[in-house]
Structures are given as C-alpha cells and as structure tokens.
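Breakdown of the fold
Here are the chains, one letter per residue:
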Amino acid sequence: MDSGQLVGIIVGVVVVLAIVAVAIYFSRKRKTAADRNRAAEMREKAEADQLAARDHEAKAARAEADAKAAEVEAERLRMQARGTQQEAQNVRTGAEEQLRRADEVDPDVVTTERSDAETRDAQPQEELRRDRGDRERPAASGDTAAIREDAAAERRDTEDPHGEQPRNL
C-alpha cells in the first residue's frame, strides 16, 4: 500500500466522518426544533386549559351567587307570604267582626248578649237562631207557601245583599 492509497483512505474516512457529523448535527437540530414546537404547543394547551379552568371557576362563582340570590329571593317571598297571610287574617277578622255586628243589629238573630226575655217572647216552636249556612226557619204555622217565599227572599238577600255592587270588607 502506498502512501497515496493510504491518504485516500484517510481522506475518505474523514469525509465519511464529516458527513456523519453533519447528519447528526442536522438531525439534532431538527429534533431540537421539533421539541421546541412540541413544548410551545404544550404551553398553548396549558394556557387554554388555565383559561378553561378560570372560566369554570367563574361559572361556579356565578352559580353560587345565583343560588344565594335565589335564597334571598325565597326568603323575601316567605316574608311577603307571611305578610299576605297576616293581611288575610286581618281581613277575615274584620269580616267576622262585621258579621258579628250585623248579627247584633239583626233582630232575627239571637246573640248571647241579648237577654233570654226576647227569646221567651217568641213562639215556642219557632227557632230564632239563624245559622249562616242554613237561612230557613222551621214553620210556626201551617202556611208553608209564605214560609217558602220568606226563605227565598232571605236567600236572595244573603246571596247578593247589596245588588250588583260588591261588598267591601
């Protein structure tokens, strides 16, 4: 082997090594660039996930606020219902008082405040006590047609005592 061949082999090996080194360099450079791109994508995904997490937290906070507002509204409605119930009770009490006063004024209704003398003056078979649910009185005599007329007139009076105008309580 002469020195020319030896130099050719050495130059060939050096060229091959240089080509391998350049190939390895570019391969690593491509891998590094690919890793950078993958890392950038991972960061973008992490940022998107953080935004989604903040969005979910905001929705949860809104839902919590809505629930508290609903609780406040429910309590307000409960208080309003209690007030309305109290008003209804007051109106009912007023109506009962008005009916009691009407019974006191009505000579056909026996009240505990009236003396027993008034009820003794009535005929023994006729009952003067009037039940608001049953306005008919039993007959004292045999004239049932007159009693039916009186009962019908009394029903008309109790069903609509003021004509077409509503009764204010």
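Everything that follows concerns the structure shown earlier in this document.
Just so you know, these numbers come straight off a predicted model, no measurement behind them. (Residues numbered from 1 in each chain as written. Predicted model: local features only at pLDDT ≥ 70, side-chain atom pairs only at ≥ 80, totals over all residues. Heavy atoms only, no water.)

**Regarding the overall build of the protein chain**
Rules: To qualify as a helix, a DSSP run of H or I must reach at least 4 residues; to qualify as a strand, a run of E must reach at least 2; elements of each kind are numbered from the N terminus. Whether a residue is buried, partly exposed or exposed follows from its accessible area with a 1.4 Å probe, protein chains only, as a fraction of its type maximum: under 20%, in between, or over 50%, in that order. All accessibility values rest on the Shrake-Rupley procedure with a 1.4 Å probe; residue burial counts only the protein chains present in the view.
Within the protein chain, the secondary structure is distributed over three helices and zero strands. Order of helices (α) and strands (β) in the protein chain, N terminus to C terminus: α-α-α. The 169 residues of the protein chain split such that 7% are buried. Total accessible area computed for the protein chain in this model is approximately 14400 Å², and 54% of it derives from carbon and sulfur atoms.

**A closer look at a nonpolar patch on the surface**
Filter applied, for reference: Residues with no salt bridge and a relative accessible area higher than 30% make up the patches, which join like charges within 9 Å and nonpolar side chains (Val, Leu, Ile, Met, Phe, Trp, Tyr) within 5 Å. Counted as salt bridges are all cases of a side-chain nitrogen of Lys or Arg within 4 Å of a carboxyl oxygen of Asp or Glu.
On the surface, V7, V11, V15 and I19 cluster together to form a nonpolar patch covering roughly 340 Å² of accessible area. On the secondary structure map, I19 appears in helix α1 (residues 3-105).

**Quick word on the pattern of salt bridges**
For the structure on display, the rule yields ten salt bridges. Here E97 and R100 are joined by a salt bridge, their closest N and O atoms 2.2 Å apart. Here the residue E97 and the residue R100 both occupy positions in helix α1, the gap between them amounting to three residues, near one helical turn. Residue classification places E97 among the partly exposed positions, given a relative accessible area of 28%. Residue classification places R100 among the partly exposed positions, given a relative accessible area of 35%.

**Observations regarding the environment of R78**
In plain terms, the rule: The term polar contact refers here to a pair of N or O atoms within 3.5 Å; inside protein, the definition further demands a hydrogen-donor-capable atom paired with an acceptor-capable atom, and it admits residues adjacent in sequence only when both atoms are side-chain atoms.
Relative to the helices and strands, R78 is located in helix α1. Among the residues examined, R78 registers a relative accessible area of 43% and is labelled partly exposed. Reaching out from R78, the side chain makes a polar contact with the side chain of E75 at a distance of 3.0 Å.

**A closer look at the packing of aromatic side chains**
Put simply, the rule is: Stacked, tilted and edge-to-face pairs are distinguished by plane angle, under 30 degrees for stacked and over 60 for edge-to-face with tilted covering the rest, among Phe, Tyr and Trp rings (Trp via its six-membered ring) whose centres lie within 6.5 Å.
Evaluation of the coordinates by the stated rule reveals one aromatic pair. Consider the rings of Y25 and F26, whose centres lie 5.5 Å apart with planes at 70°: the pair is edge-to-face.

**Some details on α1**
Filter applied, for reference: Helices are assigned an expected span. That span is 1.5 Å times one less than the residue count.
Relative to the 153 Å expected for 103 residues at 1.5 Å per residue, α1 spans 149 Å between its end C-alpha atoms, a close match to the ideal helical length. Of the residues flanking the start of α1, the one acting as N-cap is D2, its side-chain oxygen 3.1 Å from the backbone nitrogen of G4.

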